[in-house]
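Summary of the model geometry
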Amino acid sequence: MKDCNLILILGDQLSPENPALLAADIKKDTIVMAEVAEETTYVAHNRHKIAFILSAMRHFCTTLRQQGYTVIYHTLADGHRSLESAVRHSVEQVKPTGLLVCEPGEYRLTEAINSWGKRLKIPVSQLEDSRFLASASFFKEWKARQKQPRMEYFYREMRKLHGLLLDADGKPEGGRWNYDRENRKGWRGAADIPPRSFPTPNTVTQQVIDEVQQAFPNNPGDLSQFYAAVTRSEALEQLEWFCDHALAGFGTWQDAMATESGWLFHSLIAAYLNAGLLDPLATCQRVERAWRDGDCELSAAEGFIRQVLGWREFVRGIYWAEMPNYAEKNQLAAQRALPEWFWTADTDMHCLQQSLQQSLDLGYGHHIQRLMVIGNFALLAGLAVKEVCDWYLAVYIDAFEWVELPNTLGMALYADGGIMASKPYAASGKYIQRQGNYCKSCRYDPAQVTGEKACPYNALYWSFLERNREQLSSNHRMSMMYANWDRKAPADQTAILAWADKTLEERTGA
Ligand code: DLZ
Ligand code: SF4
């Protein structure tokens, strides 16, 4: 047995700062990367997600080999069912003294890797993940100091710790920590939406696209529209494009929705951060520089940095602090089966049709489409938490369980009973109308609650409140909503609840 290590690099750990890679001895150690059935099929991933990960893995492998590393690369065609099987194969070939891997992003895989040592008969070390600024233990310590852990206070601490958007006295630039109030304008066509510039797939990516089309004929995703960056330099170009063309509008229209564009002013870089192609701190620093150079308002830079430094780190911290029980939570006992049209976008509700179609075709939806259109419907209709979570995990190009679960189960569905959000993000059609122009192209009317023209969100919204009264009415942030409902005449309430039942039956078959 040689004195050398095998270094496993997973498909979402493609960073030169990967701690297992940094620990590698380029002369003695061997890197292993593996495309395997278990990872490509644990949900019916969007084809964009599979093609993105596999192409990014192949490009990363080439870069490592060019740098002089020895890399064993197992392709899907090699037929390894699981990462363990691919690693076993390489262990037998290389006969290393140990296996090093950066800790995975998902509980499922962490548990699996914990059991490898015994079976493969070599020591396995999981090293702390450097794709994040707050380690799991840092977050747990912070959480233990809070009466009620809220993103806003965590975010302020992170701003101070990483010196982002602070003045010379260490105070927040502009005098406020949070400019969310300026980030909520609805879309009324008041600016030009910049046309996107995406990388052209090279021969490696084209080969992956062909393989994915063949191997996953029934998964969602229209690969004729493949748009993802697959290398660090392409991802950096996307970030530069965002800073130059979209960041200035991102602040104002962060929560907006437009029929004419699903991208609006969003950066589309979550997948690159989550796969290790971009570094979160450098990304925030780049956006801060754009503001200091006068390229955008403070509210735009702050809104962006809050998403990356605040929300992204916070959800990941919640995930590791709460797993494994978190995945089983279902506070509001939501049990209705996910309707088939979530997989086809075949609905006459325009906002949902647009958001679902775009999510299925491109693996992309911005946060308001995910939270306030699709998630809001799932919440109001009481769709089964596990089925909704699996749908989100499958559909989005940037979805990994550490980010998907707190956002879907916690934030969108309130199934964690208030760990992620202080109240459910339940809203009627009026919210969707306010945030953009979807309602203008819809056969329904957001001002009507019952009747054939009524926006389905409206009656569902009231029936959601009534159905969950016992759990939610004591939440002081919900008191206004309950007061509005209770002011309605009993006959109106009865009619609204009956209409909600009819709506649910028609749309979910239950
Ligand atoms: C998402 C994904 C896919 C589709 N395929 C692979 C793969 O073939 N090989 C691999 O190493 N990783 C893949 N991944 C990413 C893993 O699922 C990811 O590392 C875990 O979900 C932990 O976050
Ligand atoms: Fe959506 Fe209702 Fe507006 Fe139609 S009317 S787009 S269903 S919010």
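Residues numbered from 1 in each chain as written. Chains lettered and ligands numbered in written order. Predicted model: local features only at pLDDT ≥ 70, side-chain atom pairs only at ≥ 80, totals over all residues. Heavy atoms only, no water.

1. Observations concerning the environment of G375
As for its placement among the helices and strands, G375 is situated in helix α15 (residues 367-381). When the C-alpha positions of G375 and A426 are compared, they lie 9.0 Å apart, and in sequence the two are 51 residues distant. Residues within four places of G375 in sequence aside, it is in contact with R370, Y392, A412 and L413. (Helix = DSSP H or I, 4+ residues; strand = E, 2+ residues; numbered from the N terminus. Contact = heavy atoms within 4.5 Å.)

2. Describing the site of ligand 2
Around ligand 2, the structure places M349, C351, G429, I432, Y438, C439, C442, Y444, P446, C455 and Y457. Because more than half of its atoms lie within 2 Å of the grid, ligand 2 is assigned to the second largest cavity. For the shell around ligand 2, the class distribution of residues is 10 nonpolar, 1 polar and no charged. (Near = heavy atom within 4 Å. 1 Å grid on protein atoms, 1.4 Å probe; cavity = no way out; pocket = protein on both sides within 12 Å on 5 of 7 lines; lining within 4 Å. Sits in = over half its atoms within 2 Å of the grid points. Nonpolar A, V, L, I, M, F, W, Y, C, P; charged D, E, K, R; others polar.)

3. Details of empty space enclosed by the protein
Within the structure shown, the criterion is met by 2 cavities of 30 Å³ or more. Roughly 360 Å³ of volume is contained in the largest cavity. What lines the largest cavity is a set of 23 residues, among which G11, D12, E39, I53 and F400 lie closest to the centre. When residues of the lining of the largest cavity are traced back to their parent elements, those giving at least two are α2 (37-41), α3 (47-67) and α5 (107-114). Ranked by residues supplied to the lining of the largest cavity, first place goes to α3 with 5 residues. Class assignment of the residues belonging to the lining of the largest cavity gives a composition of 13 nonpolar, 4 polar and 6 charged. (Points joined across faces, edges and corners; volume = space filled by probe spheres on them.)

4. As for α5
Listed in full, the buried residues belonging to α5 are L109, T110 and I113. Along the axis of α5, the buried residues cluster in a sector spanning 105°; they form a single face. Against the buried residues of α5 lie α2, α4 (83-94), β4 (98-102), α6 (116-120), β5 (124-127) and α13 (298-322). (Buried < 20%, exposed > 50% of the residue type's maximum accessible area, 1.4 Å probe, protein only. Arc of directions from axis to C-beta.)

5. Points about the site of ligand 1
Around ligand 1 there are 19 residues in total, and G11, D12, A34, E39 and E106 lie nearest to it. Here an oxygen atom of ligand 1 sits 3.1 Å away from a polar atom, N or O, in the side chain of E106. Starting from 490 Å² of accessible surface for ligand 1 in isolation, the protein chains cover 100%. Because more than half of its atoms lie within 2 Å of the grid, ligand 1 is assigned to the largest cavity. For the shell around ligand 1, the secondary structure elements donating two or more residues are α2, α3 and α5. With 3 residues, the single largest contributor to the shell around ligand 1 is α3. (Polar contact = N/O pair within 3.5 Å; in protein donor to acceptor, adjacent residues only side chain to side chain. Areas by Shrake-Rupley, 256 points an atom, 1.4 Å probe, with all protein chains shown as cover.)

6. Considerations on the side chain of E404
Relative to the assigned elements, E404 resides in helix α17 (residues 401-412). Among buried charged residues, E404 stands out as having no salt bridge; its nearest opposite-charge side chain is K386, 8.2 Å away. Among all residues touching E404, those that are not within four sequence positions of it are C389, Y392, L393, A399 and L409. (Lys, Arg positive; Asp, Glu negative; His and termini not counted. Salt bridge = Lys/Arg side-chain N within 4 Å of Asp/Glu carboxyl O.)

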